[in-house]
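# Topology and contacts: notes
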Amino acid sequence: MRPRIAPSILSADFSRLGEEIREVEAGGADLIHLDIMDGHFVPNLTFGPPVVRWLARHTALPLDAHLMVTEPDALVPGLVEAGVVRIAIHAETCPHLQRSLAGIRDRGASPGLALNPATPLVFAEEAAPWIDFVLVMSVNPGFGGQRFIAGSLPRIERLHRSLGSQGVEIAVDGGITPRTAPGLAAAGVTTFIAGSAVFAAPDRARAIQEIREAALQGGRT
Ligand code: DX5
Ligand code: ZN
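Model, not experiment: these values are computed from the prediction. (Residues numbered from 1 in each chain as written. Chains lettered and ligands numbered in written order. Predicted model: local features only at pLDDT ≥ 70, side-chain atom pairs only at ≥ 80, totals over all residues. Heavy atoms only, no water.)

## Focus on the coordination of the zinc ion (ligand 2)
At 2.1 to 2.3 Å from the zinc ion (ligand 2) lie its protein donor atoms, namely His33 (NE2), Asp35 (OD), His66 (ND1) and Asp173 (OD). Here the donor residues for the zinc ion (ligand 2) map to a single chain with the spacing H-x1-D-x30-H-x106-D. Within this pair, whereas Asp35 is found in strand β2 (residues 32–37), its partner Asp173 is found in strand β7 (residues 169–173), the two being separated by 138 residues in sequence. (Donors = N, O, S within 2.8 Å, 3.2 Å for Na, K, Ca; no water. Helix = DSSP H or I, 4+ residues; strand = E, 2+ residues; numbered from the N terminus.)

## What about the nonpolar core?
Ile9, Leu34, Ile87 and Phe192 are the most contacted members of the largest nonpolar core, which totals 60 residues. When sequence neighbours within four positions are dropped, the list of residues in contact with Ile87 reads Ala65, Leu67, Val76, Leu79, Val80, Ile104, Ala109, Ser110, Pro111, Gly112 and Phe133. Membership of the second largest hydrophobic core comes to 10 residues, among which are Leu31, Ala114, Leu135 and Met137. (Core = buried A, V, L, I, M, F, W, Y, C linked by side-chain atoms within 4.5 Å. Buried < 20%, exposed > 50% of the residue type's maximum accessible area, 1.4 Å probe, protein only. Contact = heavy atoms within 4.5 Å.)

## Let's talk about the side chain of Asp35
One buried charged side chain, Asp35, makes no salt bridge at all; its nearest oppositely charged neighbour is Arg86, positioned 12 Å away. Of note is the side chain of Asp35, whose polar atom sits 2.6 Å from the side chain of Ser8. Not counting chain neighbours up to four residues away, the residues in contact with Asp35 comprise Ser8, Leu10, Thr46, Phe47, His66, Met68 and Asp173. (Lys, Arg positive; Asp, Glu negative; His and termini not counted. Salt bridge = Lys/Arg side-chain N within 4 Å of Asp/Glu carboxyl O. Polar contact = N/O pair within 3.5 Å; in protein donor to acceptor, adjacent residues only side chain to side chain.)

## Considerations on the pattern of salt bridges
Enumeration over the complete set of coordinates arrives at 12 salt bridges. For Arg2, the salt bridge is made with Asp30, and the minimal N-O distance between the two is 2.7 Å. With Arg2 in the segment before β1 (4–7) and Asp30 in the loop between α1 (17–26) and β2, this residue pair connects regions lying 28 residues apart in the sequence. You can call Arg2 partly exposed: its relative accessible area is 47%. Here the salt bridges do not stand alone but share partners, grouping Asp13, Arg16, Glu19, Glu20, Glu23 and Arg204 into one network.

On their own, these measurements won't tell you what the molecule is for.
Right, dumping it as structure tokens:
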């Protein structure tokens, strides 16, 4: 399977998001990753469904929302109506995780489970019947441009061993570059979320291509 690259617009120029999205679509991106932050679960604020609705007009790519909020259930209907097709929610914020994940599927979107760097992987194993993908955080969420946490790699290897045969996709988010991508691909990652490595680069198409080539070198995909 071809590795998929999902640029995170958190590192884009927010004053011209439409152009930024069009540029990464033309540059070969597979998904657009939308970081939704509420200033409670993470110490940062971004945007919500009204902004996403406008952004959706600028791309035909699937919109992939990553909800870093304490009340994810409340946002799901508005995001789906705005055009989001994949939604990851954090295990750490959801006391009724099965209900929250099933609610995403009921709305017609693809559910994913995001795990912070020290959150036990067993959450994903238990939630496997209700998810299409796991979003493994390889930084503590909230900001772009952080350093990849090395311990994320053995976590992904373990997750791949336990979930790979169940058809659950593994995505990784945080500190993704052409240097970190090969080992992650070898460990079983198929979707690579990259913010600063794409949007801080002068040539976004080239940055996407370099991450993809690095992932292909890693092998398993
Ligand atoms: C972090 C976000 C990421 C972020 C990644 O909280 O979930 O999607 O944009 O940024 P980089 O690729 O710069 O680590
Ligand atoms: Zn993210």
